[in-house]
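Working through the structure, step by step
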Amino acid sequence: MALTTLFSCLTLAQATPAGANGIEGTISAGPTRGGPVREGEPSSAPVANISFLVKQGDRVITSFQTDEQGHFRVLLDPGHYTIVRKDYVGAVGNYGPFEVDVSPAKMTSVNWTADTGLR
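Only a predicted model underlies this, so the values are computations on that prediction, with no experimental measurement involved.

A short note on the side chain of Ser 28
Summarising the element assignment, Ser 28 is placed in strand S1 (residues 22-30). A polar contact of 3.4 Å, which involves the side chain of Ser 28, links it to the side chain of Thr 113. Contact partners of Ser 28, with chain neighbours within four places excluded, come to Ser 44, Ala 45, Pro 46, Val 47, Trp 112, Thr 113 and Ala 114.

As for the sheet that holds strand S4 (residues 59-65)
In a beta sheet, neighbouring strands are held together by backbone hydrogen bonds and run either parallel or antiparallel to one another. Read from one edge to the other, the open sheet built from 4 strands follows the order S4-S3-S6-S7, with strand pairing classed as antiparallel. For this open sheet the edge positions go to S4 and strand S7 (98-102), each flanked by a neighbour on one side alone. Taking the axes of each pair of neighbouring strands and ignoring which way they run, one obtains an average angle of 30° across the sheet. Where strand S3 (residues 51-56) meets S4, 6 bridges bridge the pair, whose relative direction is antiparallel. From the neighbouring strand, Val 54 faces S4, where its bridge partner is Thr 62.

Some remarks on the side chain of Thr 108
Mapped onto the secondary structure, Thr 108 falls in strand S8 (residues 107-115). Since its relative accessible area comes to 13%, Thr 108 is described here as buried. Looking at Thr 108, its side chain comes within polar contact range of the main-chain oxygen of Asp 101, at 3.5 Å.

Points about the pattern of salt bridges
Following the criterion strictly, the structure yields 2 salt bridges and no others. The partner of Glu 41 in a salt bridge is Arg 33, with the nearest N and O atoms 2.7 Å apart.

Considering the pairing of strand S6 (residues 79-85)
The pairing of S3 with S6 spans 4 bridges and is antiparallel. Paired with Leu 53 across the two strands is Val 84, which belongs to S6. Where S6 and S7 come together, 5 bridges link them in antiparallel fashion. Residue pairing across strands places His 80 opposite Asp 101, the latter belonging to S7.

Here is what the cut-offs are and how they apply
Residues numbered from 1 in each chain as written. Predicted model: local features only at pLDDT ≥ 70, side-chain atom pairs only at ≥ 80, totals over all residues. Heavy atoms only, no water. Helix = DSSP H or I, 4+ residues; strand = E, 2+ residues; numbered from the N terminus. Polar contact = N/O pair within 3.5 Å; in protein donor to acceptor, adjacent residues only side chain to side chain. Contact = heavy atoms within 4.5 Å. Pairing = 2+ DSSP bridges. Axes fitted to C-alpha atoms, helices over the stretch in contact; angles between N-to-C directions. Buried < 20%, exposed > 50% of the residue type's maximum accessible area, 1.4 Å probe, protein only. Salt bridge = Lys/Arg side-chain N within 4 Å of Asp/Glu carboxyl O.

The following block contains the structure:
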């Protein structure tokens, strides 16, 4: 049991280097249905397994994909970035751009909500 706990701690430590910088968080989208929001029903849902581009100006720096719960984590150099959905050609909805500033030696936490365009 102690060995399993130690291994888990070491794995987490390797996943995020000390002093790492970048962004981590969740992307959701809402509303999830047309019409008024109903009490007790969620008004947004995770943006699951969707690819996004990380840009500085017109230059693509990297990309990432959200997981099943809409979570993501990407290491980036300090600076200002714009996040947009990769290959999005839909006429309805807005999946960015999301703006973020990355500071040195800090993971910046974000919780963005995209607009599905449903009304």
